[in-house]
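A look at the structure
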Amino acid sequence: MIAGALNRLWHIACLPGARRFAAALADPGAVQRARLLALVRRHASSAFGRAHGFAAVRSVADFRARVPVQEWAQVAPWVERIRRGEQHVLGAEAVTRLLPTGGSGGGSKLIPWTAGLAGEFAAVLAPWIADLQRRHHAVLDGPAYWSVSPRIPELAGGALPVGFADDSAYLGGVCAALVRPLQAAPAALRGFANVEDFRYATVRCLLARPELRLISVWHPSFLGLLLDAARTHRARLLRDVAHGGLDLAVPPALLSTLAPWLGAQPRRAAALATADWDDARQLWPHLAVVSCWADGAAAVPAAALARRLGGAVLQAKGLLATEGAVSIPWGGRTVAAVTGAVLEFLAADGTPHWLDELDDGATYTVAMTTAGGLWRYRLGDLVRVEGFVQRTPCLRFLGRGDATVDLVGEKLDEAFVATCLAQAAPQAGFALLAPAPGGKTGYILYSDQCDADVAVRLEAALARNPHYALARSLGQLAPLRCALVGAGAEAIVLAHRAAGRVLGAVKPVVLDGDPEWGRRLAAVHVEGAPC
């Protein structure tokens, strides 16, 4: 009853944002251009605004003339000033924390979090939640699980906190206050450093909530691995549920925080004892919706997860990045997040387009301007337009552009991998990192300098990217493997990549998202290493 009341209050709180979003769909270009000029005025006094003459900007054309599309290498020095404690650098609002995301040559990016950026997330999460609750009424009658991850080490020497305890923090304000009592598992779970213990404790808490209605995670493998842990530890979990407690060595303070989820439930244990633990709906009979990424590299694991949900709806989450939202679920489609960040879409030749200038079926790279202080920042995400809702495009995420590979959210890019390889295999004449073919998701290094030591050094270097490190610790990525290749490997790669292009225009790469390289390089594979 309490959950139902809180959920309905949450729904009411989301309705104004949903109405603003619905109205904006009729003229997204005007909405976005007006928002851009408002942001320029608001942040003209910042160091970035002064350096780029924001006070003299009178039109979007003025703005574009003064601020070129930014890569992370151009943004990083400004963020470093913020990390050291300087305020009003990229924007005029106070930065209260930094959110880690993977990418650049340094292995980690830190995104400034401000009240304005929180407002942008709220402006697009409100219509998503209102639409979800309208289309799937059952989620209103029980708790939800918003994913919690084990704590990742914070960067040393920073003046600001890094990261959030759980995903519900993105909701902000009144909505976050309403949602936290509805959490089916506590944010304190991030206190587990050991990933197996983290998974066990998470499943234990979730099994205590048979009325669970909604699960929201990022990559589908996160939930898939939780379900695997439940099946593996079935007997042990049944004992914990029946008798209470947690069969782990847990610090007293953490155990005290988890106590409300750890009471004895003999009747619940009896019901679970007869359930099929490969079917999520038998573990949580009222589970209505699972929200996760389902496009790009996440499509295959999302399909596999859907088969384990026992009829619960798997909703494609849209393109929600740490930096801001690009698209959200709305009316059964994935619609551009028109009321959030300012979005520009770059054609293959680099020409920028507004939301009302996109062509159906065309592919674009996304650039974003946010209230958090990112100005025309190229995300590197590729999207394709798949129809429209009124005049606003529906967008499908295709993958990461700019030589970036993102299998489960680890976001490896060419510059970072090249730096890691230079450290791990400085004598290599040929090196190519690519997804492993088939089996468990992970990477193989194909190189003429490849042994166990190289693999260890490269794995350690890649782990400077916090998302890669987290994916490895969670088991979403298998350990990196090496395949020793001989003469002719580079020629094979160049010949394949030159198909349909001038050979002289083909640039060497050290990162490629195609899992077929093992097959292509089989002729030059040196026996004794996997390929």
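Heads up: these notes are all about the structure in this document.

What counts, and where the lines are drawn
- Residues numbered from 1 in each chain as written.
- Predicted model: local features only at pLDDT ≥ 70, side-chain atom pairs only at ≥ 80, totals over all residues.
- Heavy atoms only, no water.
- Helix = DSSP H or I, 4+ residues; strand = E, 2+ residues; numbered from the N terminus.
- Rg over C-alpha atoms; globule rule 2.2 N^0.38 Å.
- Buried < 20%, exposed > 50% of the residue type's maximum accessible area, 1.4 Å probe, protein only.
- Contact = heavy atoms within 4.5 Å.
- Areas by Shrake-Rupley, 256 points an atom, 1.4 Å probe, with all protein chains shown as cover.
- Lys, Arg positive; Asp, Glu negative; His and termini not counted.
- Charge placed at Lys NZ, Arg CZ, Asp CG, Glu CD.
- Expected span 1.5 Å × (residues − 1).
- Bend = angle between axes of the 7 residues up to and from the residue.
- Pairing = 2+ DSSP bridges.
- Axes fitted to C-alpha atoms, helices over the stretch in contact; angles between N-to-C directions.
- Polar contact = N/O pair within 3.5 Å; in protein donor to acceptor, adjacent residues only side chain to side chain.
- Core = buried A, V, L, I, M, F, W, Y, C linked by side-chain atoms within 4.5 Å.
- Phe/Tyr/Trp six-rings, centres within 6.5 Å; stacked < 30°, edge-to-face > 60°.

With that out of the way, let us pick up the overall build of the protein. Check the secondary structure of the protein and you find 19 helices and 18 strands. On C-alpha atoms alone, the protein measures out to a radius of gyration of 24 Å, which is about the 24 Å that the 2.2 N^0.38 rule sets for 531 residues. Structurally, the protein occupies a C-alpha span of about 70 × 65 × 45 Å along its principal axes. Taken over 531 residues, the protein has a buried fraction of 55%. Summarising the internal contacts of the protein: among those between residues at least 6 apart in sequence, 69% fall at separations of at least 24. Accessible surface for the protein amounts to roughly 20,900 Å². Of this, 57% is attributable to carbon and sulfur atoms. The distance from the centre of the 53 positive side-chain charges to the centre of the 45 negative ones in the protein is 6 Å.

So, on to helix 1 (residues 2-24). Taking 1.5 Å as the rise per residue, helix 1 with 23 residues should run 33 Å; its terminal C-alpha atoms sit 34 Å apart, in good agreement. If you look at helix 1, its biggest bend is around 35 degrees, right at Leu-15, and the proline Pro-16 turns up within four residues after that. Buried within helix 1 are the following residues: Ala-3, Gly-4, Leu-6, Asn-7, Trp-10, His-11, Cys-14, Gly-17, Ala-18, Phe-21 and Ala-24.

Take the sheet that holds strand 4 (residues 214-216) next. The sheet built from 4 strands is open, its strands ordered 3-4-5-6 with parallel pairing. Only two strands of the sheet have a single neighbouring strand rather than two, namely strand 3 (144-146) and strand 6 (313-316). For this sheet, the mean inter-axis angle between neighbouring strands, taken without regard to orientation, is 15 degrees. Where strand 4 meets strand 5 (residues 289-292), 3 bridges bridge the pair, whose relative direction is parallel. Following the sheet pairing, Ile-215 is matched in strand 5 by Val-290.

Take the environment of Ser-147 next. Along the chain, Ser-147 falls in the loop between strand 3 and helix 7 (173-179). When its relative accessible area of 4% is taken as the criterion, Ser-147 is described as buried. Measuring from C-alpha to C-alpha, the distance between Ser-147 and Leu-226 comes to 11 Å, with 79 residues separating the pair along the chain.

This paragraph deals with the side chain of His-219. In this structure, His-219 sits in the loop between strand 4 and helix 9 (220-232). A distance of 3.0 Å separates the side chain of His-219 from the backbone oxygen of Leu-407, its partner in a polar contact.

The next subject is the nonpolar core. Core analysis: the biggest nonpolar cluster contains 83 residues, and Phe-63, Leu-90, Trp-146, Val-326, Phe-345 and Trp-375 have the highest contact counts within it. Of all the elements, helix 6 (residues 115-135) adds the most residues to this core, at 10 residues. Those residues in contact with Leu-90 that sit more than four places away from it in its chain are Ser-46, Phe-48, Val-75, Trp-78, Val-79, Ile-82, Pro-112, Gly-373 and Trp-375. The next biggest cluster of nonpolar side chains, apart from the first, holds 48 residues, and it includes Leu-207, Leu-226, Leu-227 and Ala-275.

Our next topic: the packing of aromatic side chains. Within this structure, the stated rule accounts for 15 aromatic pairs. Their ring planes at 65 degrees and their centres at 6.4 Å tell us that Phe-198 and Phe-222 sit as a pair that is edge-to-face. Linking Phe-198 in helix 8 (residues 195-207) with Phe-222 in helix 9, this pair joins segments that are 24 residues apart in sequence. When the centroid spacing of 5.7 Å and the interplanar angle of 50 degrees are considered together, the rings of Trp-218 and Trp-293 count as tilted. Here the residue Trp-218 occupies a position in the loop between strand 4 and helix 9, and Trp-293 occupies one in the loop between strand 5 and helix 14 (299-306), the gap between them amounting to 75 residues. Put simply, the rings of Phe-48, Phe-54, Phe-63, Trp-78 and Trp-375 touch in pairs and so form one group of aromatic residues.

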